[in-house]
Number of protein chains: 2
Amino acid sequence: MSGVREQKKKQTRKAIIDAAVKLFTEKGFEQTSMDELARAAGVGKSTIYGYFKAKEEVLLAYCEAELEFAFAALDRKVDEEASLVDQLVAHMMGQITFVTENREFGRIFAREMTFPGEKTRLRSRDLDMRYMNKLGEVLGRAQLRGELPAESELLLLIAHLHALYILVLSTIYSGDVTSLENAKIFCRSLVLQALHGPAAIAQAPVEVQAGWQGLRQQFLEQRKLEM
Amino acid sequence: MSGVREQKKKQTRKAIIDAAVKLFTEKGFEQTSMDELARAAGVGKSTIYGYFKAKEEVLLAYCEAELEFAFAALDRKVDEEASLVDQLVAHMMGQITFVTENREFGRIFAREMTFPGEKTRLRSRDLDMRYMNKLGEVLGRAQLRGELPAESELLLLIAHLHALYILVLSTIYSGDVTSLENAKIFCRSLVLQALHGPAAIAQAPVEVQAGWQGLRQQFLEQRKLEM
DNA sequence: ATTTAAAGTCGACTGCGGTCGAGATTTTAC
DNA sequence: GTAAAATCTCGACCGCAGTCGACTTTAAAT
């Protein structure tokens, strides 16, 4: 027996993550060097590599810690009585708001989650499983309420919605969407289309239509301008 | 006047891209250092940075060169008489096949295109405009044929399909999809759902249903296993 | 208690992307 | 033709992520 070693490892690990939370929050991910992180955590640099395979993996661990808060906030915000579309949009926007709070940090995170490197693959999976589970719950309830056809393939639908979330995030980083309000409009349009087909917008309330048309106009103008 | 300087710049630029095509193709992107690239191009290292803001921007230029071939091949492959779904799947798979030809290269590319850094933003836009235009053509034709409701919002639909493409690419890198055949099945399922709503699969031909169910099973087992 | 194996820790070191300032080359001005 | 300004080119240099091999601490074996 010997919890001694185990205990120390736990401590060290915690020290590293704590230091990461502090430094990443204070100065951002890219501005924090592994040397600094090591010094702040009170360990040698390569000790960190005994716990994490790469700097990005430290980021994901950091996110895991932060995500607890984010999800809790999300749960409080999402109204289970609201319409499916509203709930989905709320979820996606919650996630997006959290991720883009710090722009460059969000970019690294999004890249690592969407196209993980071999080293970060497993950890990134863990994280998005949580997100997908949340979506699954929302969809499951909607299905029970009859707001979704009983024969829907939930998993495929989750994937579909996940795709839309990634896209909206992508447009924020490509510069096509420049504010969270616009992101929300875009989200809603996409979700509507996903749930009700290509003609969804045409059948939607007039304010949704207007929102989308505004966005569309902005997009076209901006792309033209940059040529 | 003085084409002299201009000419030289053109030459130098070409030399860099040629060297990049050669080296990236031979040994991959990450395995090629900027020093090597400079030596191969016969210029000083920081000269490259006069032409490209970052190593990733060289990659995008390289892609621009290669993409010509890819698109041409795609055009030959996509049958304009085929059904909309078939055409869309063919397009997406063409793109995916090209990008994932070299795994690590594709990852960098996908990351840079989907969540571009400030330095590569403009160039990455150029590239995906081309892809989106292609999609637009396919959708436009389908609309004329009446295969798509007249009141469809084409731009929104393009965005939607683009999202699905990114997702499929993402699942390849996350390890959920492990072969191009599976990717194709996944593509088809998603496109069907996007065009015909959440119950699309249930109404689809039995072989499509079977394909999806197989994929679904694999996914569930694999995710369970890794815990 | 002592030896041996294993696990953990460390900072010096490597190779890379990217910058800097000096020097060469071209363009412009007179 | 020449001086001044602007542009382009270069490799030495910097900071950083990640590795290596030596050293220390803990666990197991006798």
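Since the model is a prediction, treat every value here as computed from it, not as a measurement.

Peer 1: Account for the relation of the copies chain A and chain B, with residues named and values stated.
Peer 2: Least-squares fitting of chain A to chain B yields an RMSD of 0.1 Å, with the superposition described by an axial translation of 0.0 Å and a rotation of 180 degrees. Taken together, the rotation and translation describe the operation of a two-fold axis. Here 100% of the contact residues of chain A are again contact residues in chain B; the copies associate through an equivalent surface.

Peer 1: Can you tell me about the packing of aromatic side chains, naming the residues and giving the values?
Peer 2: Residues and elements named next belong to chain A. The tally for this structure, following the rule as stated, stands at 14 aromatic pairs over all chains. Between Tyr 131 and Tyr 165 the ring centres are 5.0 Å apart and the planes differ by 45 degrees, which places this aromatic pair in the tilted class. With Tyr 131 in helix α7 (residues 121-145) and Tyr 165 in helix α8 (residues 154-174), this pair connects stretches of sequence that are 34 residues apart. Judged by relative accessible area, which is 6%, Tyr 165 ranks as buried. Here Phe 186 and Trp 212 contribute two aromatic rings whose centre-to-centre distance is 6.4 Å and whose plane-to-plane angle is 10 degrees, an arrangement assigned as stacked.

Peer 1: A description of the state of the cysteines should follow, citing residues and the corresponding values.
Peer 2: Residue and element names in this part refer to chain A. If you walk through the whole model with that rule in mind, you get 0 disulfides over all chains. A disulfide-free cysteine, Cys 187 has its sulfur positioned 19 Å from the sulfur of Cys 63, the nearest such atom. By relative accessible area, which is 0% here, Cys 187 ends up buried.

Peer 1: Break down helix α9 (residues 180-196) of chain A for me, citing the residues and quoting the values.
Peer 2: Count 3.6 residues to each turn of an α-helix, and residues three or four apart come out pointing the same way. Taking 1.5 Å as the rise per residue, α9(A) with 17 residues should run 24 Å; its terminal C-alpha atoms sit 24 Å apart, in good agreement. Regarding α9(A), the residues found buried are Asn182(A), Ala183(A), Phe186(A), Cys187(A), Ser189(A), Leu190(A), Val191(A), Leu192(A), Gln193(A), Ala194(A) and Leu195(A). In this structure, the buried side of α9(A) is in contact with α5 (84-99), α8, α10 (200-203) and α11 (206-225) of chain A together with α8 (154-174) and α9 (180-196) of chain B. Positive phi shows up at Gly197(A), right after α9(A), with a value of about 90 degrees.

Peer 1: Help me get a handle on the nonpolar core, residues and values and all.
Peer 2: Counting residues in hydrophobic clusters, the biggest one holds 157 residues, and the most contacted among them are Leu59(A), Leu88(A), Phe186(A), Leu59(B), Leu88(B) and Phe186(B). In this structure Leu88(B) touches Leu135(B), Val138(B), Leu139(B), Leu161(B), Val191(B) and Leu195(B), once residues within four positions along its chain are discounted.

Peer 1: An account of the interface of chain A and chain B is requested, with residue identities and associated values reported.
Peer 2: With 57 residues of chain A at the contact, the number on the chain B side is 57 residues. Summed over both sides, the interface between chain A and chain B buries roughly 5,200 Å², with carbon and sulfur atoms accounting for 61% of that surface. On the chain A side of the contact with chain B, Phe115(A), Arg125(A) and Leu156(A) bury the most area, a combined 16% of that side's loss. Summed over the shared surface of chain A and chain B, the number is 12 salt bridges. Asp128(B) serves as the salt-bridge partner of Arg223(A), at 3.2 Å between the closest nitrogen and oxygen. Our count for the contact surface shared by chain A and chain B stands at 28 residue pairs in polar contact (both at pLDDT 80 or more). Residue assignment for the side of chain A that touches chain B shows that the elements contributing at least two residues are α6 (103-114), α7, α8, α9, α10 and α11 of chain A. Tallying contributions element by element places α8(A) first for the side of chain A that touches chain B, with 14 residues. Looking at the side of chain A that touches chain B residue by residue, the classes come out as 29 nonpolar, 13 polar and 15 charged.

Peer 1: Which residues make up the packing of α5(A) against α7(A), and what are the values?
Peer 2: Residue and element names in this part refer to chain A. Packing of α5 against α7 brings their axes to within 10 Å, and their N-to-C directions diverge by 170 degrees. By the angle class used here, α5 and α7 are roughly antiparallel. Side by side, α5 and α7 meet where Leu 84, Gln 87, Leu 88, His 91, Met 92 and Gln 95 of the first sit next to Tyr 131, Lys 134, Leu 135, Val 138, Leu 139, Arg 141, Ala 142 and Arg 145 of the second. Considered class by class, the residues forming the contact of α5 with α7 number 8 nonpolar, 3 polar and 3 charged.

Peer 1: So what about the environment of Tyr131(B)? Which residues, and what values?
Peer 2: All names here are of chain B. Among the residues examined, Tyr 131 registers a relative accessible area of 2% and is labelled buried. The spatial distance from the C-alpha of Tyr 131 to the C-alpha of Gln 193 is 21 Å, given a sequence separation of 62 residues. Filtering out sequence-adjacent residues up to four positions away, Tyr 131 remains in contact with Phe 71, Met 92, Gln 95, His 162 and Tyr 165.

Peer 1: Mind laying out the domain arrangement of chain A, listing which residues take part and the relevant values?
Peer 2: All names here are of chain A. As assigned here, chain A comprises domain 1 (1-51) and domain 2 (52-225). Each of domain 1 and domain 2 has a C-alpha centre, and the two are 31 Å apart. Counting from both sides, the interface comprises 18 residues of domain 1 and, opposite them, 14 residues of domain 2. Our enumeration of links across domain 1 and domain 2 arrives at 0 salt bridges.

Quick notes on the rules
- Residues numbered from 1 in each chain as written.
- Chains lettered and ligands numbered in written order.
- Predicted model: local features only at pLDDT ≥ 70, side-chain atom pairs only at ≥ 80, totals over all residues.
- Heavy atoms only, no water.
- Least-squares fit on C-alpha atoms with pLDDT ≥ 70 in both.
- Contact = heavy atoms within 4.5 Å.
- Phe/Tyr/Trp six-rings, centres within 6.5 Å; stacked < 30°, edge-to-face > 60°.
- Helix = DSSP H or I, 4+ residues; strand = E, 2+ residues; numbered from the N terminus.
- Buried < 20%, exposed > 50% of the residue type's maximum accessible area, 1.4 Å probe, protein only.
- Disulfide = S-S within 2.5 Å.
- Expected span 1.5 Å × (residues − 1).
- Core = buried A, V, L, I, M, F, W, Y, C linked by side-chain atoms within 4.5 Å.
- Buried area = accessible area lost by both parts, 1.4 Å probe.
- Salt bridge = Lys/Arg side-chain N within 4 Å of Asp/Glu carboxyl O.
- Polar contact = N/O pair within 3.5 Å; in protein donor to acceptor, adjacent residues only side chain to side chain.
- Nonpolar A, V, L, I, M, F, W, Y, C, P; charged D, E, K, R; others polar.
- Axes fitted to C-alpha atoms, helices over the stretch in contact; angles between N-to-C directions.
- Parallel < 35°, antiparallel > 145°, perpendicular 65-115°, else oblique.
- Domains from an automatic or database assignment.

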